[in-house]
2 protein chains.
Amino acid sequence: MAVQTATFEKTIRTLLDEKKYQTIKDVLVTMEPADIAAVFDDFGEERMALLFRLLPKETAAETFAELESEIQETLIRGFSDRELHELVNELYVDDAADLVDEMPANVVKRILAQADPQMRKEINEILRYPENSAGSIMTTEYVSLRPKMTVAEAITRIRRTGVDKETIYTCYVTEGRKLLGAVSVKDLLLAVDDDAPVSSLMDENVISVGTLTDQEEVATMLSKYNFLALPVVDTDGRMVGIVTFDDAMDVLVEETTEDIEKMAGMLPSEKTYLRSTPWDLFKHRIPWLALLMISATFTGLIITNFENALAAQVVLTAFIPMLMDTGGNSGSQASVTIIRALSLGELEFSDAPKVVWKEIRTAVLCGCALAALCFVKIMLFDRLLLGNTDITLMTAFVVCFTMALTVLIAKVVGCSLPMAAKKIGFDPAVMASPFITTIVDALSLLVYFGIASALLF
Amino acid sequence: MAVQTATFEKTIRTLLDEKKYQTIKDVLVTMEPADIAAVFDDFGEERMALLFRLLPKETAAETFAELESEIQETLIRGFSDRELHELVNELYVDDAADLVDEMPANVVKRILAQADPQMRKEINEILRYPENSAGSIMTTEYVSLRPKMTVAEAITRIRRTGVDKETIYTCYVTEGRKLLGAVSVKDLLLAVDDDAPVSSLMDENVISVGTLTDQEEVATMLSKYNFLALPVVDTDGRMVGIVTFDDAMDVLVEETTEDIEKMAGMLPSEKTYLRSTPWDLFKHRIPWLALLMISATFTGLIITNFENALAAQVVLTAFIPMLMDTGGNSGSQASVTIIRALSLGELEFSDAPKVVWKEIRTAVLCGCALAALCFVKIMLFDRLLLGNTDITLMTAFVVCFTMALTVLIAKVVGCSLPMAAKKIGFDPAVMASPFITTIVDALSLLVYFGIASALLF
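As the structure is a prediction and not an experimental result, all values here were calculated from the model.

## Comments concerning the environment of Glu-166 of chain B
Then, in step 1: Relative to the assigned elements, Glu-166 of chain B resides in the loop between α12 (151-161) and β2 (167-175).
Then, in step 2: C-alpha separation for the pair Glu-166 of chain B and Val-243 of chain B, spaced 77 residues apart in sequence, amounts to 9.7 Å.
Then, in step 3: What Glu-166 of chain B contacts, discounting residues up to four positions off in sequence, is Lys-186 of chain A together with Tyr-92, Asp-94, Thr-139, Glu-141, Thr-244, Asp-246 and Asp-247 of chain B.

Dropping the structure here:
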């Protein structure tokens, strides 16, 4: 797909150079807003504004909603008041609210000044809700029906009011703003009796979310139930908006990217990689790097403590990286598995005993297998093949026993920390590889030197 | 949500004990298929079959599609032929194909024997396509219209044939099975002129995918364009089916979980965590653990090579874990960022020079900051506070210089390997933390001992 975008960019650049505006118009009309937005990315301010003016009104609004906020700002600064007026009122209200949320104050002032009163009211309503809440990603443009309407009346109402709604396919039956039920256009169209009241067709057990429900939970619910939209209600059960599946898909992708970034020891970033400067990347990466580097002091202290023992048995040093890496890998396998299961809602804190017991059994299997393999490797490769006679049977035993114990410790720490974090309201994703590795490193060295001291010296 | 499921399970268990079947029916009718399926999980074979028979026909089919394959198998084995016949023909054809794909041969035979001829034909058509292709996740049940139909005729056709279709909201205009365009029910309903031909309303620039397009690409496209469905066409441009947004959402979640598992050095698993036995977990985790453990031999060899130097300067050993961990963390930050950007389609191989240059600049920033911090830490904490007089200014310099270089190497390796993997057709996700860590460990030790040999001995 990215290849396709790149090709379009070249075509349009050439057409712009040749001032063939009608041809550009004809080409743009065949494209999806998301693709047009991707092409825009590559042009300078002047040409972007020119291209934008070539788009039909509705496509222009949809394309605008897909653009990065910096580009949006540039475009708006170039718009006349009339152009801005047209654009703002053509946007879906949730996109307009996003825009207001991201623009600097002076641009916001212009946008709100150009919004029609109803639009301004709805934007402000959405902006009242905290970031990442259902209220903040919902749209207030949905089709509402009355319970006593007939099927025919309902269809007429949809045909009359549907054009500005983000989805018409799920309609909500309300009375005095109270949400009574939901009915799909499919049900209405396929209804045998055109005179039947809507209330006889509607599903009364409609699943709704609160305005403050976390957006990730809303997205997971939409994906679980395969709904096109979920109604959002306030604390009195009055309907205030809907969250549609396309916004839910975006939330799922964003939240997962955030989780992955946290799991790799980074602060989550809002910009795409290609738009981030090295300075942006630095700011997101250095906090954890610095923290983890300082934490490794403990591991260093443990080694310093056993310096004399190590000087006498330098051969032990050669196995430190293998033990540390295997511990880190074992721990991150467990922690990442648990973090993902937690974020998909497959696990919760009450499963903790089951999880720990499962990890202990898995660790015993992994630990024994690795210890056996390691023993063979040390005796055949390190001792026989390389002829390192410093390695005694006892050394090999110490290393392999440490290996098995490290795997056990790593798996237990790896599965416990994310669950504990979840319990106390921390983000489990932070308890992933880098963090676990640092803890497991220190623990595995303690075990190593402990066993070595007992058996070798 | 999981809490809610648990409560339902208790209620239904009590009602079953009291044989209050009508009450159970009334309760089940209020629930979504996904929630009913979650409750089923907790009952034994006999009670599951009993519960299943209490469901209305359509809900039964939808619930069945949400069940884990082991439970599906158990249920089918308990069904009479008549029950199986009813179920199979009520399923959406993509769910039926999934079912046939997952059941053992003798069960498949029974399912196909009970399927109506048309259903059997469509199941077999879907099963022809390779796993993870668009063809394998599509459904053949969509609404097709002719270009010359009027809006009124089209709506009549939808009302007549729509009941069995997975979505009626996007209709496809075909002639001789060739895909000409798409038209939404919204466009049809909102059309001003009921006698206008469908061809005048349809979008001719309809985006379609091939039967062999990778399912992840299909899902990304659906999410990018906010479509309800994407048409699937064969190599001659003939329409064969559609992929709907709900299947795309499932694919997105599944593929991301797979990526995350690979990034943590595990083979991807199809079962949820709670359903996996320790033996399952062991099988998925041991291959990478073993491989990486063996690879750590190189790191061990490097240390062995410098054993004499280390014996003379044991203080150097204490910094090994810090250098290795920081290198590993720096590398995995870069690799994970790139892997995610690749899988979201934000990056491709041609961006490689840009990416490497960006990582180099980021690495210089991170490396210098960490080296400075490390220098302060060593001189103030290790030397002054702990009074470790073995640490000279020169030692501190060697450690910090190694630190900066290691970060640089780690970032470059971390960003290059996933892009290279993508280029040669490997899965970039495998090039994540554990793999990168092992390589960076060895490289950073070489640098460390190299610099130390040059400056200290």
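## Comments concerning the relation of the copies chain A and chain B
Then, in step 1: It takes a turn of 180 degrees to lay chain A on chain B, together with a shift of 0.0 Å along the axis; the resulting RMSD is 0.2 Å. The superposition operator between the copies reduces to a two-fold rotation axis. Every residue of chain A has its C-alpha some distance from the rotation axis, and the shortest such distance is that of Ala-311 of chain A, at 2.6 Å.
Then, in step 2: Looking at chain A, 99% of its interface residues are interface residues in chain B too, so the copies touch through the same face.

## Some words on the packing of aromatic side chains
Then, in step 1: Inspection of every chain in the model, using the stated rule, returns 22 aromatic pairs over all chains.
Then, in step 2: Measuring from ring centre to ring centre gives 5.9 Å for Phe-52 of chain B and Phe-64 of chain B, while their planes differ by 70 degrees; the resulting arrangement is edge-to-face. Of the two residues, Phe-52 of chain B is situated in helix α4 (residues 45-53) and Phe-64 of chain B in helix α5 (residues 57-66); the sequence distance between them amounts to 12 residues. Of the two residues, Phe-52 of chain B and Phe-64 of chain B, both sit in the buried class.
Then, in step 3: Sitting over the face of the ring of Tyr-273 of chain A, Lys-358 of chain B holds its NZ or CZ atom 5.3 Å from the ring centroid.

## A short note on the sheet that holds strand β5 (residues 229-233) of chain A
Residues and elements named next belong to chain A.
Then, in step 1: The mixed open sheet is built from 3 strands, whose spatial order is β4-β5-β6. Each edge of the open sheet is held by one strand with a lone partner, namely β4 (209-210) and β6 (239-244).
Then, in step 2: For β5 and β6, the ladder comprises 5 bridges, and the chain directions are antiparallel. Counterpart to Leu-230 in the pairing with β6 is Val-243.
Then, in step 3: Docked against the sheet, helix α15 (residues 215-225) engages β4, β5 and β6, running at close to 140 degrees with respect to β5.

## Quick look at unusual backbone geometry
All names here are of chain A.
Then, in step 1: Phi at Lys-19 takes a positive value of approximately 55 degrees, unusual for a residue other than glycine.
Then, in step 2: Mapping Lys-19 onto the fold places it in the loop between α1 (2-17) and α2 (21-29).
Then, in step 3: In this structure Lys-19 comes out as exposed when scored by relative accessible area, which is 58%.
Then, in step 4: A positive phi angle, near 70 degrees, is found at Arg-177, a position not held by glycine.
Then, in step 5: Mapped onto the fold, Arg-177 is located in the loop between β2 (170-175) and β3 (178-184).

## Digging into the nonpolar core
Then, in step 1: Ranked by internal contacts, the top residues of the largest apolar core, which has 173 residues, are Phe-64 of chain A together with Phe-64 of chain B.
Then, in step 2: Of all the elements, helix α16 (residues 245-263) of chain B adds the most residues to this core, at 6 residues.
Then, in step 3: Leaving out residues up to four positions away in the same chain, Phe-64 of chain A has contacts with Phe-52, Gln-72, Leu-75, Ile-76, Phe-79, Leu-87, Leu-91 and Leu-99 of chain A.
Then, in step 4: Counting 78 residues, the second largest nonpolar core, distinct from the first, contains Phe-449 of chain A together with Val-315, Ala-318 and Ala-363 of chain B.

## Describing the environment of Thr-150 of chain A
Residue and element names in this part refer to chain A.
Then, in step 1: Looking at the secondary structure, you find Thr-150 in the loop between β1 (144-145) and α12 (151-161).
Then, in step 2: Along the sequence, Thr-150 and Glu-216 sit 66 residues apart, while their C-alpha atoms lie 37 Å from each other.
Then, in step 3: Those residues in contact with Thr-150, other than ones at most four positions away along the chain, are Asp-194, Asp-195, Ala-196, Pro-197 and Val-198.

Criteria and thresholds
- Residues numbered from 1 in each chain as written.
- Chains lettered and ligands numbered in written order.
- Predicted model: local features only at pLDDT ≥ 70, side-chain atom pairs only at ≥ 80, totals over all residues.
- Heavy atoms only, no water.
- Helix = DSSP H or I, 4+ residues; strand = E, 2+ residues; numbered from the N terminus.
- Contact = heavy atoms within 4.5 Å.
- Least-squares fit on C-alpha atoms with pLDDT ≥ 70 in both.
- Phe/Tyr/Trp six-rings, centres within 6.5 Å; stacked < 30°, edge-to-face > 60°.
- Buried < 20%, exposed > 50% of the residue type's maximum accessible area, 1.4 Å probe, protein only.
- Lys NZ or Arg CZ within 6 Å of the ring centre and 35° of its normal.
- Pairing = 2+ DSSP bridges.
- Axes fitted to C-alpha atoms, helices over the stretch in contact; angles between N-to-C directions.
- Core = buried A, V, L, I, M, F, W, Y, C linked by side-chain atoms within 4.5 Å.

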